[in-house]
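One-letter residues, chain by chain:
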Amino acid sequence: MILSRHPEVDCRDCGERLYVGLSPEPSCWKVHYVCRLPDGCGRERRGGRIAVSAVDSRDEARRLAERRLSAER
Ligand SMILES: [Zn+2]
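In this report, the structure presented in the accompanying data block is examined. Small disclaimer: the values here were computed from a predicted structure and weren't measured.

Topic: the overall build of the protein
Line of reasoning, step 1. Of the regular secondary structure elements, the protein holds 1 helix and 4 strands.
Line of reasoning, step 2. Listing each helix as α and each strand as β along the protein from the N terminus yields β-β-β-β-α.
Line of reasoning, step 3. At 12 Å, the protein has a C-alpha radius of gyration in line with the 11 Å of a compact globule built from 73 residues.
Line of reasoning, step 4. Burial statistics for the protein: of 73 residues in total, 36% are counted as buried.
Line of reasoning, step 5. Within the protein, contacts between residues separated by at least 24 positions form 37% of all contacts whose residues are at least 6 apart in sequence.
Line of reasoning, step 6. Put simply, the protein shows about 4,600 Å² of open surface, and 43% of that area lies on carbon and sulfur atoms.

What counts as what
Residues numbered from 1 in each chain as written. Predicted model: local features only at pLDDT ≥ 70, side-chain atom pairs only at ≥ 80, totals over all residues. Heavy atoms only, no water. Helix = DSSP H or I, 4+ residues; strand = E, 2+ residues; numbered from the N terminus. Rg over C-alpha atoms; globule rule 2.2 N^0.38 Å. Buried < 20%, exposed > 50% of the residue type's maximum accessible area, 1.4 Å probe, protein only. Contact = heavy atoms within 4.5 Å. Areas by Shrake-Rupley, 256 points an atom, 1.4 Å probe, with all protein chains shown as cover.

The following block contains the structure:
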């Protein structure tokens, strides 16, 4: 899984910045939101999927996953 730091959203439980994780599947990116240890609390939750056909690159998938999380808060 490829992790990148979210630009603005913090963990609700511990206040540390969250990370967006993308794991490749045959036709989609699987999204995870991760509060990384040891600074964070280790919580992780699923963020759904992004179809490979819906984005041009992994970077675009990451930005879309970031916006999804921002929109929830
Ligand atoms: Zn946390």
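That covers the picture; the talk isn't over yet.
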